[in-house]
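Structural description and commentary
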Amino acid sequence: QVDLVESGGGLVQAGGSLRLSCQAEPTLSDYAVGWFRQGPGKGREFVAGINWNGGSPSYADSVRGRFTIARDSAERTAYLQMNNLKPEDTAIYFCAADPYLPSVLGGRPLHWGKGTQVTVSS
């Protein structure tokens, strides 16, 4: 069992940046990590994922080149750096973890955080 808590959301103008954090308890070691989002009136969608060793970063087409997923070497925290934010990026952002990267990329990770709100104004 791993508990995940997201932070770093907020209100930002279009073109701005935010960095989301996902704090894990007890650890993210041996887990692939993903970020998902759910916009107003929309279903939850995959944003980015990364393997347990920091390899194989993957991104949704809508965020590739603007967002970067990373994890720290201490294996307690994962991050989502979001640059050049657009109003359509407005959503609740969720961190998720699973022992297997395909489960993350397929939208079926075992563990979920409760989310953090990101609002991008035009």
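Source: prediction; values computed, not measured.

**Structural notes on the nonpolar core**
Inside soluble globular proteins, nonpolar side chains tend to come together where they are buried. In this structure, Trp-35, Leu-80, Met-82 and Tyr-93 are the most contacted members of the largest nonpolar core, which totals 29 residues. Of all elements in the fold, only strand 3 (18–25), strand 4 (32–38), strand 5 (44–50), strand 7 (67–71), strand 8 (77–82), strand 9 (91–98) and strand 11 (116–121) reach the threshold of two or more residues within this core. Among residues more than four places away in sequence, those in contact with Leu-80 are Leu-18, Arg-19, Leu-20, Trp-35, Val-47, Ala-48, Phe-67, Thr-68, Ile-69 and Tyr-93.

**Description of the state of the cysteines**
Summed over all chains, the structure comprises 1 disulfide. The disulfide bridge from Cys-22 ends at Cys-95, spanning 2.0 Å between sulfur atoms. In this structure the cystine formed by Cys-22 and Cys-95 twists about its S-S bond by roughly -75°; its chirality is therefore left-handed. One end of the pair, Cys-22, is in strand 3; the other, Cys-95, is in strand 9, and 73 residues separate them in sequence. The exposure class assigned to Cys-95 is buried, which follows from its relative accessible area of 0%.

Conventions and cut-offs
Residues numbered from 1 in each chain as written. Predicted model: local features only at pLDDT ≥ 70, side-chain atom pairs only at ≥ 80, totals over all residues. Heavy atoms only, no water. Core = buried A, V, L, I, M, F, W, Y, C linked by side-chain atoms within 4.5 Å. Buried < 20%, exposed > 50% of the residue type's maximum accessible area, 1.4 Å probe, protein only. Helix = DSSP H or I, 4+ residues; strand = E, 2+ residues; numbered from the N terminus. Contact = heavy atoms within 4.5 Å. Disulfide = S-S within 2.5 Å.

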